[in-house]
Amino acid sequence: MRGLVPELRSPHPIGQTLPLLFQEDLFAQDLCAGLDAVLAPIFATLDSLPAYLDPATAPDDMLGWLAGWLGLALDVQQAPQRQRQLVRAGMELLSWRGTARGISQAVEAIFQIRPVINESGGSSFAVGSNSPLPGTSRPFFLVRLPVPDPAAFDLRRLDAVVASVKPAHIPHRVEVFTRQ
């Protein structure tokens, strides 16, 4: 409910809230009616605010705004239905952001292909004090994506997606390879 809607009435007319003396005054009622016409779209917008915040019901031009709240950038070339799917996936992935699982799910949501991820981290449980540490001392992420035609694939887009969801302090590399 954005913009002007002809004949939109305010659910809370100001004139009815005035003392009885002003409710009988034609000038005061006309003045309040003018204010009601200005405030009616605001009331209507506030009443339907939950619909604006839900990717399933938000207007198409608000999907980019919702994505921005999640730290996502939508491709305007994509159909609105695909943008809605990406915003919904972004909402679900937010709690996994920065993890190998989150990176994998983000890449899969964008490219609809499951990547292979190698990372330097790890965790383990040790009973003794001389147990070796898991992972490697130098942090990294390697994201490999199986695609039908590596020469035609936009590697910069994959790199941008990974850079936007990985921890900022960990270097990464992306590769594509021929799907078997």
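As shown above, the structure is provided for reference.
It should be emphasised that the depicted structure is a prediction, and the values quoted were computed from it without experimental measurement.

A. The overall build of the protein chain, seen in detail. Along the protein chain, the regular secondary structure elements total seven helices and three strands. For the protein chain, the N- to C-terminal ordering of α and β elements is α-α-α-α-α-α-β-β-α-β. The C-alpha atoms of the protein chain give a radius of gyration of 27 Å, which is well past the 16 Å a tight globule of 180 residues would have. By its C-alpha atoms, the protein chain is 85 × 50 × 20 Å across when sized along the principal axes. Here the protein chain, with 180 residues, has 28% of them falling under the buried criterion. Long-range contacts, defined here as pairs at least 24 residues apart, represent 54% of the contacts in the protein chain between residues at least 6 apart. Of the accessible surface of the protein chain, which amounts to about 12000 Å², a share of 60% is contributed by carbon and sulfur atoms. Once the 15 positive and 17 negative side-chain charges of the protein chain are each reduced to a mean point, those two points are 17 Å apart.

B. Focus on the nonpolar core. Grouped together as the largest cluster of nonpolar side chains are 17 residues, with contacts concentrated most on V107, F111, L145 and L158. Of all the secondary-structure elements, those providing two or more residues to this core are α6 (100-111), β2 (141-147) and α7 (155-165). The residues touching V107, leaving out its near neighbours within four places in the chain, are Q112, I113, P115, V143, L145, L158, V161 and V162. Formed by ten residues, the second largest nonpolar core is a distinct cluster that contains L66, L74, V87 and A89.

C. Quick look at the pairing of strand β3 (residues 172-178). Pairing of β2 with β3 involves seven bridges; the strand directions are parallel. By the bridge assignment, L142 is partnered in β3 with R173.

D. Spatial organisation of unusual backbone geometry. At Q112, a position not held by glycine, the phi torsion is positive, near 60°. Structurally, Q112 is set in the loop between α6 and β1 (116-119).

E. Representation of the packing of aromatic side chains in the model. Overall, the coordinates contain two aromatic pairs when judged by the stated rule. Ring geometry for W65 and W69: centres 4.7 Å apart, planes at 55°, overall tilted. With W65 and W69 both in helix α4 (residues 63-69) and four residues apart, the pair spans about one turn of that helix. Given the relative accessible area of 56%, W69 is considered exposed. Each ring, one from F111 and one from F153, has its centre 5.3 Å from the other, and the planes form 50°; the classification is tilted. Here F111, found in helix α6, pairs with F153, found in the loop between β2 and α7; they are 42 residues apart in sequence, far enough to count as distant. Taking the relative accessible area as the measure of exposure, F111 reaches 13% and is therefore buried.

Thresholds, definitions, all that
- Counting restarts for each chain: residues are numbered from 1 in the order of the written sequence.
- In view of the model being predicted, local features appear only for residues whose pLDDT reaches at least 70, and side-chain atom pairs are presented and counted only at 80 or more, with totals across whole chains, interfaces and linings using the full set of residues.
- By convention in this description, side-chain values take in all heavy atoms of the structure and omit both hydrogens and water.
- Secondary structure is summarised from DSSP: a helix means a run of H or I of at least four residues, a strand means a run of E of at least two, and numbering begins at the N terminus for each.
- Both definitions apply: the radius of gyration is a C-alpha atom measure, and the globule rule equals 2.2 Å times residues to the power 0.38.
- The classification of residues rests on relative accessible area computed with a 1.4 Å probe and restricted to protein chains. Under 20% of the type maximum is buried, over 50% is exposed, and intermediate values are partly exposed.
- Contacts: residue pairs with any heavy atoms within 4.5 Å of one another.
- For accessible areas, the Shrake-Rupley method is used with a probe of radius 1.4 Å. Any residue's cover is judged against the shown protein chains and nothing else.
- His is not counted, nor are the chain ends, whereas Lys and Arg count as positive and Asp and Glu as negative.
- The location of each charge is read from NZ of Lys, CZ of Arg, CG of Asp or CD of Glu.
- To qualify as a nonpolar core, a set must consist of buried Ala, Val, Leu, Ile, Met, Phe, Trp, Tyr and Cys residues joined through side-chain atoms within 4.5 Å.
- When DSSP finds two or more bridges between two strands, those strands count as paired.
- To pair, rings of Phe, Tyr and Trp, with the six-membered ring standing in for Trp, must have centres within 6.5 Å; the planes then decide the type, stacked if under 30 degrees apart, edge-to-face if over 60, and tilted in the middle.

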